[in-house]
Amino acid sequence: NLDGSLGDIDMAAVFTYKTRDAIRFNEDLDNFIGFQNIGGSDLVVEQSEDFERTGAELRFTSPTGRTVSWLFGIDWQDLTSDVATINSGVTNVAPLREQATRSDLSTDHYVSYSAFGSLVFALSPEFTVAVEGRVQRDEREFDFERVDRAPTPTNTSIAPLTLENSETRFTPGATAKWEFG
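Sequence positions are assigned chain by chain, starting from 1 and proceeding in written order. Two thresholds apply to this predicted model, a pLDDT of at least 70 for residue-level local features and 80 or more for giving and counting side-chain atom pairs, whereas whole-chain, interface and lining totals are computed over all residues. Side-chain metrics rest on all non-hydrogen atoms present in the structure, leaving aside hydrogens and water.

**Some thoughts on the environment of V120**
Move 1: Tracing the sequence through the fold places V120 in strand β5 (residues 102-122).
Move 2: Relative accessibility thresholds used throughout: buried, under 20% of the residue-type maximum; exposed, over 50%; partly exposed, between the two (1.4 Å probe, protein chains only). Looking at V120, the relative accessible area reads 26%, which means it is partly exposed.
Move 3: In sequence terms V120 and S41 are 79 residues apart; their C-alpha atoms lie 67 Å from each other.
Move 4: Contacts were defined at the residue level, with two residues in contact if any of their heavy atoms lie within 4.5 Å. Excluding residues within four positions of it along the chain, V120 makes contact with T67, V68, S69, T128, V129 and A130. Starting at the N terminus, helices and strands are each numbered in turn, a helix being any DSSP run of H or I of at least four residues and a strand any DSSP run of E of at least two.

**Quick look at unusual backbone geometry**
Move 1: Of note, the phi angle at N26 is positive, near 55°, even though the residue is not glycine.
Move 2: Topologically, N26 is positioned in strand β2 (residues 9-28).

**Here we look at the nonpolar core**
Move 1: Among the nonpolar cores identified, the biggest contains six residues, and these are L29, L43, V45, V93, L96 and A100.
Move 2: When residues of this core are traced back to their parent elements, those giving at least two are β3 (42-61) and α2 (94-100).
Move 3: Discounting chain neighbours no more than four positions away, the residues touching V45 are R24, F25, N26, E27, L29, T85, I86 and N87. Throughout, nonpolar core names a set of buried Ala, Val, Leu, Ile, Met, Phe, Trp, Tyr and Cys residues whose side chains join them through atoms within 4.5 Å.

**Re the side chain of Q136**
Move 1: You can see Q136 is positioned in strand β6 (residues 127-148).
Move 2: In this view, Q136 contacts Y110, S112, Y113, S114, E167, T168 and R169; residues no more than four positions away in its chain are not counted.

**Observations concerning the packing of aromatic side chains**
Move 1: The criterion for an aromatic pair is that two Phe, Tyr or Trp rings (for Trp, the six-membered ring) have centres within 6.5 Å, with stacked assigned to planes under 30 degrees apart, edge-to-face to planes over 60 apart and tilted to the rest. One pass over the full model with this rule turns up two aromatic pairs.
Move 2: Between F142 and F144 the ring centres are 6.4 Å apart and the planes differ by 15°, which places this aromatic pair in the stacked class.
Move 3: Overall, the relative accessible area of 30% leaves F142 in the partly exposed class.
Move 4: The rule for a charge over a ring is simple: NZ of Lys or CZ of Arg within 6 Å of the ring centre, and within 35 degrees of the ring normal. A cation sits over an aromatic face here: R20 above F51, 4.5 Å from the ring centre.

**With respect to the pattern of salt bridges**
Move 1: Whenever a carboxyl oxygen of Asp or Glu lies within 4 Å of a side-chain nitrogen of Lys or Arg, that contact is scored as a salt bridge. Throughout the structure, instances matching the rule amount to 10 salt bridges.
Move 2: Between D104 and R146 there is a salt bridge, and its shortest N-O distance comes to 2.7 Å. Of this pair, D104 sits in strand β5 while R146 sits in strand β6, placing them 42 residues apart in sequence.
Move 3: D104 gets classed as buried once you look at its relative accessible area, which sits at 19%.
Move 4: For R146, a relative accessible area of 17% translates into the label buried.
Move 5: E179 is paired through a salt bridge with K177; the nearest N and O atoms lie 3.5 Å apart.

**Some points on a nonpolar patch on the surface**
Move 1: Together, V68, W70, F72, I74, L119, F121, L123 and V131 make up an exposed nonpolar region whose accessible area comes to about 660 Å².
Move 2: Taken together, the elements giving at least two residues each to the nonpolar patch come down to β4 (68-90) and β5.
Move 3: In terms of residues, the nonpolar patch owes the most to one element, β4, which gives four residues.
Move 4: Structurally, W70 is set in strand β4.
Move 5: Since its relative accessible area comes to 32%, W70 is described here as partly exposed. For patch detection, residues must exceed 30% relative accessible area and be free of salt bridges, and they are connected within 9 Å for like charges or within 5 Å for nonpolar side chains (Val, Leu, Ile, Met, Phe, Trp, Tyr). Using a 1.4 Å probe, the Shrake-Rupley method yields the accessible areas, and only the shown protein chains count as cover for residues.

**With respect to the sheet that holds β3**
Move 1: Here, a strand pair is defined by DSSP locating no fewer than two bridges between the strands. Pairing is antiparallel across the open sheet formed by seven strands, whose spatial order is β1-β2-β3-β4-β5-β6-β7. The open sheet is flanked by β1 (2-6) and β7 (158-178), the only strands paired with a single partner. Averaged over all neighbouring strand pairs, the angle between strand axes comes to 10°, with direction disregarded.
Move 2: Across five bridges, β1 lies against β2 in antiparallel orientation. When the sheet's bridge partners are listed, L6 is paired in β2 with I9. Lines fitted to C-alpha atoms define the axes, with helix axes restricted to the stretch in contact, and inter-axis angles between N-to-C directions lie between 0 and 180 degrees.

Printed below as a string of structure tokens:
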């Protein structure tokens, strides 16, 4: 984090970075789905995730104690999560065979950025009026694929698909404040 001044303007910068690589081995899938010791079932699942988040925010503010004060800022965040779920094992229960031989692979990517600001008018020592707003853009892409490693008697594979969504929105606000005393 950085704090400082640019002449009569205060500035703050905040940066973030987070990463996580995780994996679970030999989870008891047949017990989890309620088929433990049924039809010779011995199903396990392994799941891994690679996660990364990066972000930054920059804020500029007016000096305190003035009749009109203001704040202006921008921020950005980028997040990616790759998840692989791989099932394996044996079973004599036909509906569970697809469970035992499939893998789910997904990537979730999210980007968000915004600009925000506020103006505060001190109309008297007891009464202030403020207006504020934020414009934010969110973009998300989700990729998914299911692979059935033994596609008989039923193929439960799902061809690679991509879902995308984006949205821009404006959030305004206004307040009036009276201090008694």
